[in-house]
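So you can see what is in the structure, the chains are spelled out below.
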Amino acid sequence: MSDTSPKSGTTRKHTALPKAEILIEALPWLTRHHGKIVVIKFGGNAMVNEELKAAFAQDVVFLRHAGLRPVVVHGGGPQISAALDRHGIVSEFKAGLRVTTEDAMDVVRMVLAGQVQRELVGLLNQHGPFAVGLTGEDAHTITATKHTPEIDGESVDIGRVGEITQIDTGAIEALLADGRIPVVSSIARSQDDGHVYNVNADTAAAALAAALGAETLMVLTDVEGLYEDWPNSDEVISRLTASQLEKLLPELSSGMVPKMEGCLHAVRGGVNTARVIDGRVQHSILLEIFTDEGIGTMVVPDEKPDEQGES
């Protein structure tokens, strides 16, 4: 027999109420983001920890069911390093970028498009027929030219590393219109020499977000956000404008520079908000988008005089 006593009903009400309150708190954010494109750069520990990978896939599918239009962009640093080791190819970094020889580029392409992307597409598709993988090569989505950084005033050849010159959003927009979740590997076709290029995934995500007119760019990383005064303080800056970020860029650690430059490029390119969030926290995407507190660091465009005081 079932327990129909008043005590049992009261208990059920008390346990259900917090769930209802959480859903109601999400309502204004659901309304605000409905139909909007959200570009998410998948990286850091979230890429290698099984529980975090599963939670990430749940979050992205939740966004899609909640009426948003997520686009996932990924790199694969740890997986590329491991594969290069297996092939006996030495990993070398210059100016914070992986030196990518022709042999290394073959491995990069194989790992990104054939391993990392396939696993991520598989995780998303456990929840329905949603995810479709593509690389920047497909349908001219990302075009690049050879990137030659300067070190100590001299140009340095780092191989098949590309600098993005053009984005074609046609294939991604067609997938979004069909209710799919595009999963994009950060490989680019060449603009001028017939080669394929490895491009920084943070940079690729920012360029795609700007070209798609995304509502927000979210960059998953392995820190809580942008620190106020690292290493003297672990206080995270919760919100800053594009101009404030620009002033801070020269002081940032090398690992944070491409992420924060990407955020700056995105908001200067018309994206409403760009956020760096801690991918080590399960469901960090949902916490950031659908709660009042949010987590991580949010970059917003410079405020116009009539926008002062708006959140």
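Analysis parameters
- Residues numbered from 1 in each chain as written.
- Predicted model: local features only at pLDDT ≥ 70, side-chain atom pairs only at ≥ 80, totals over all residues.
- Heavy atoms only, no water.
- Helix = DSSP H or I, 4+ residues; strand = E, 2+ residues; numbered from the N terminus.
- Expected span 1.5 Å × (residues − 1).
- Polar contact = N/O pair within 3.5 Å; in protein donor to acceptor, adjacent residues only side chain to side chain.
- Pairing = 2+ DSSP bridges.
- Axes fitted to C-alpha atoms, helices over the stretch in contact; angles between N-to-C directions.
- Contact = heavy atoms within 4.5 Å.
- Buried < 20%, exposed > 50% of the residue type's maximum accessible area, 1.4 Å probe, protein only.
- Core = buried A, V, L, I, M, F, W, Y, C linked by side-chain atoms within 4.5 Å.
- Phe/Tyr/Trp six-rings, centres within 6.5 Å; stacked < 30°, edge-to-face > 60°.

Attention now goes to helix 6 (residues 201-212). Between its first and last C-alpha, helix 6 extends 16 Å over 12 residues, near the 16 Å set by a 1.5 Å rise per residue. One side-chain oxygen of the residue at the start of helix 6 lies 2.8 Å from the amide nitrogen of Asp202, identifying that residue as Asn200. Following helix 6 by one or two positions, Gly213 has its phi on the positive side, about 65°.

Moving on, we come to the sheet that holds strand 13 (residues 216-221). With mixed pairing, the eight strands of this open sheet are ordered in space as 5-10-2-1-13-15-16-14. Only two strands of the sheet have a single partner each, and these edge strands are strand 5 (131-135) and strand 14 (239-241). Direction aside, the axes of adjacent strands within the sheet are offset by 20° on average. Strand direction decides the pairing type here: strand 15 (residues 273-278) and strand 16 (residues 297-300), joined by three bridges, are antiparallel. Within strand 16, the position partnered with Val276 by the bridge is Thr297. Contacting strand 1 (37-42), strand 2 (69-74), strand 10 (181-185) and strand 13, helix 6 runs over the sheet at an angle of about 175° to strand 1.

Time to look at the environment of Gly122. Relative to the helices and strands, Gly122 resides in helix 4 (residues 102-124). A residue is classified by how much of its surface remains accessible, and Gly122, at 34% relative accessible area, is partly exposed. Taking the C-alpha atoms as reference points, Gly122 and Arg180, separated by 58 residues in sequence, lie 13 Å from one another.

In terms of nonpolar packing, the biggest core is built from 44 residues, with Ile40, Phe56, Leu124 and Phe290 touching the most fellow members. Of all the elements in the fold, those that place two or more residues in this core are helix 1 (6-33), strand 1, helix 2 (50-65), helix 3 (77-86), helix 4, strand 10, strand 13 and helix 9 (284-290). It is helix 4 that contributes the most residues to this core, 11 residues altogether. Leave out the neighbours within four places in its chain, and Phe56 touches Ile40, Phe42, Val72, Leu120, Leu220 and Ile285. Judged by nonpolar contacts, the second largest core, of 40 residues, contains Val73, Leu176, Leu212 and Ala266.

Right, let's get into the packing of aromatic side chains. With the rule as written, the count across this model stands at two aromatic pairs. Here Phe62 and Phe290 contribute two aromatic rings whose centre-to-centre distance is 5.9 Å and whose plane-to-plane angle is 65°, an arrangement assigned as edge-to-face. One end of the pair, Phe62, is in helix 2; the other, Phe290, is in helix 9, and 228 residues separate them in sequence.

On to unusual backbone geometry. The backbone of His140 sits at a positive phi, close to 55°, despite the residue not being glycine. Position of His140 among the secondary structure elements: in the loop between strand 5 and strand 6 (142-146). For His140, a relative accessible area of 43% corresponds to the partly exposed category. Positioned with a positive phi, Asp152 is a non-glycine residue whose angle comes to about 55°. Along the polypeptide, Asp152 turns up in the loop between strand 7 (150-151) and strand 8 (154-155). Look at Asp152 and you get exposed, because its relative accessible area is 79%.

For strand 1, the buried fraction is high: six of the six residues fall into the buried class. Side chains Ile37, Val39 and Lys41 project from strand 1 onto one buried face, and the interleaved Val38, Ile40 and Phe42 project onto a second face that is buried too. In this structure, strand 1 lies alongside strand 2, joined through six bridges in parallel fashion. Note on strand 2: the bridge partner recorded for Phe42 is His74.

The mixed open sheet is built from four strands, whose spatial order is 9-6-11-12. Only two strands of the sheet have a single partner each, and these edge strands are strand 9 (162-167) and strand 12 (196-198). The mean inter-strand angle of the sheet, taken between neighbouring strand axes irrespective of direction, is 45°. Bridging between strand 6 and strand 11 (residues 187-190) involves two bridges; their strand directions are parallel. Looking at strand 11, one finds that Ala144 is bridged to Ser190. Its contacts with the sheet put helix 4 on strand 11 and strand 12, and the angle it makes with strand 12 is roughly 75°. Running over the sheet, helix 6 touches strand 6 and strand 9 and is turned about 15° from strand 9.

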